[in-house]
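For reference, the chains in residue letters:
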Amino acid sequence: MKSKMIFGFHAVTSRLRHEASSVEEIYVDASRKDGRMMDLLSAAKSANVRIIAVDDERLSNIVGTRRHQGVVAKAGELSLARNLDELLDAIEGPPLLLILDGITDPHNLGACLRVADGAGAHAVIAPKDRAVGLNATAAKVASGAAENVPYITVTNLARTLRELKEREIWLIGTTDDAEKNLYQADFSGPAAIVMGSEGEGMRRLTRETCDMLVSIPMFGSVESLNVSVASGVTLFEARRQRMGKA
């Protein structure tokens, strides 16, 4: 099984909680003796995971950043990013998906995964090209959500969108120049929310494939929101509507 490095307390603790058998070993900052570290060490020992005490510099060299919080785990990749058809077949009730077209910043991806998890989205879908992969930085920012929300990359996003439409999943794209706002859209049925990159927005073919375009009403001086914030606003509006019809 292919291994990868994950770091930060949220990401490592979540992996221990949900799939401890996939964790091969954990590197920890030998100088940290606080309660948070003691709790993580206790969980690792309970799961019979090997613990290696090292210094801060070695941790930074392992993951290429000093934002590791003193904990780095070597773990096998999970099977969350599985076949899209398999995932959709397993969903009970109307699917709620988040589609990211052209997100290249791992911090934005991690934040999008976090809000997708919080809103109960069934999966996050993105193209393999012109998009960031689920790397260690994205997983850390996701604060454990990367272990719970399937992140599915597809070779041809336009074709995937058409396949979703064939499954009667309503594609709702977000753009600043849409005539309707998200509060005028119906998210209660099977829905996929499509977000474009912050600089260019959705690609032309992605935009043309959407069933409906909506905007997020802005009342202040800024013209637009960060993609993760916009994803959260839209996903939770979808969740609000679904709760109202439950």
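**Q** I'd like a rundown of the sheet that holds strand 11 (residues 212–215), residues and numbers included.
**A** Pairing is parallel in the open sheet, where seven strands are placed in the order 7-6-5-10-8-11-9. What marks the edges here is a single partner per strand, and that holds for strand 7 (151–154) and strand 9 (180–181). Here strand 5 (residues 96–101) runs beside strand 10 (residues 191–196); their pairing, made up of six bridges, is parallel. The residue bridging Asp101 from the neighbouring strand is Gly196, located in strand 10. Packing of helix 9 (residues 227–244) onto the sheet brings it into contact with strand 5, strand 8 (170–174) and strand 10, and relative to strand 10 it is tilted by some 165°.

**Q** Any chance you could break down the environment of Gly8 for me, citing the residues and the numbers?
**A** Residue position: Gly8 is located in the loop between strand 1 (3–7) and helix 1 (9–19). Spatially, the C-alpha atom of Gly8 lies 26 Å from that of Leu235, the residues being 227 residues apart in sequence.

**Q** Tell me about the layout of surface pockets, and please be specific about residues and values.
**A** Reported here for the largest pocket is a volume of approximately 410 Å³. Every residue lining the largest pocket is counted, 22 residues in all, and those nearest its centre are Thr174, Thr175, Asp176, Ser197 and Ser224. Every element with two or more residues in the lining of the largest pocket is listed here: strand 10, strand 11 and helix 9. Across the lining of the largest pocket, the residue classes tally to eight nonpolar, nine polar and five charged.

**Q** Which residues make up the pairing of strand 3 (residues 50–54), and what values go with them?
**A** Direction of pairing for strand 2 (residues 23–29) relative to strand 3: parallel, over a ladder of five bridges. Looking at strand 3, one finds that Glu25 is bridged to Arg50. A crossover links strand 2 with its parallel partner strand 3, the connecting element being helix 2 (residues 35–46), and its sense is right-handed.

**Q** Just give me the short version of the nonpolar core, but keep the residues and values in it.
**A** Among the nonpolar cores identified, the biggest contains 33 residues, and Leu98, Leu100, Leu113, Val124, Ile193 and Leu235 are the most heavily contacted of them. Where this core is concerned, the elements lending two or more residues are strand 5, helix 5 (106–119), strand 6 (123–127), helix 6 (136–141), strand 10, strand 11 and helix 9. The dominant element in this core, judged by the number of residues it contributes, is helix 5, at five residues. In contact with Leu100, other than residues within four places in its own chain, are Leu109, Cys112, Val124, Ile125, Ala126, Pro127, Met195 and Ser231.

**Q** Outline the pattern of salt bridges, listing residues and values.
**A** A complete count under the given rule lists 12 salt bridges for this structure. As a salt-bridge pair, Arg32 and Asp34 come within 2.8 Å of each other at their nearest N and O atoms. Here Arg32 falls in the partly exposed class, since its relative accessible area comes to 24%. For Asp34, a relative accessible area of 29% puts it in the partly exposed group. Across the pair Arg203 and Asp129 runs a salt bridge whose closest N-O atoms are separated by 4.0 Å. Linking Arg203 in the loop between strand 10 and helix 8 (204–209) with Asp129 in the loop between strand 6 and helix 6, this pair joins segments that are 74 residues apart in sequence. Residue Asp129 is classed as partly exposed on the basis of its relative accessible area, which comes to 40%. One network of salt bridges, with partners in common, ties together Asp101, Asp129 and Arg203.

**Q** Could you give an account of the packing of helix 5 against helix 9, naming the residues involved and the relevant values?
**A** To describe two helices that pack against each other, one gives the angle between their axes and the distance between the axes. Interaxial distance between helix 5 and helix 9 falls to 9 Å at its minimum, and their mutual angle equals 10°. As judged from the angle between their axes, helix 5 and helix 9 are roughly parallel. In the packing of helix 5 onto helix 9, the handedness of the crossing is right-handed. In this structure, helix 5 uses Asn108, Ala111, Cys112, Val115, Ala116, Gly118 and Ala119 to contact helix 9, whose residues at the interface are Val227, Ser228, Ser231, Gly232, Leu235, Phe236 and Arg239.

**Q** Quick one: what's the story with the sheet that holds strand 3, residue by residue and with numbers?
**A** The mixed open sheet is built from four strands, whose spatial order is 1-4-2-3. Of all strands in the sheet, those bounded by a partner on one side alone are strand 1 and strand 3. Direction aside, the axes of adjacent strands within the sheet are offset by 20° on average. Running over the sheet, helix 2 touches strand 2, strand 3 and strand 4 (71–76) and is turned about 155° from strand 2.

Parameters at a glance
Residues numbered from 1 in each chain as written. Predicted model: local features only at pLDDT ≥ 70, side-chain atom pairs only at ≥ 80, totals over all residues. Heavy atoms only, no water. Pairing = 2+ DSSP bridges. Helix = DSSP H or I, 4+ residues; strand = E, 2+ residues; numbered from the N terminus. Contact = heavy atoms within 4.5 Å. Axes fitted to C-alpha atoms, helices over the stretch in contact; angles between N-to-C directions. 1 Å grid on protein atoms, 1.4 Å probe; cavity = no way out; pocket = protein on both sides within 12 Å on 5 of 7 lines; lining within 4 Å. Points joined across faces, edges and corners; volume = space filled by probe spheres on them. Nonpolar A, V, L, I, M, F, W, Y, C, P; charged D, E, K, R; others polar. Right-handed = clockwise from strand over helix to strand, strands pointing away. Core = buried A, V, L, I, M, F, W, Y, C linked by side-chain atoms within 4.5 Å. Buried < 20%, exposed > 50% of the residue type's maximum accessible area, 1.4 Å probe, protein only. Salt bridge = Lys/Arg side-chain N within 4 Å of Asp/Glu carboxyl O. Parallel < 35°, antiparallel > 145°, perpendicular 65-115°, else oblique. Left-handed = near helix turned anticlockwise from the far one by under 90°.

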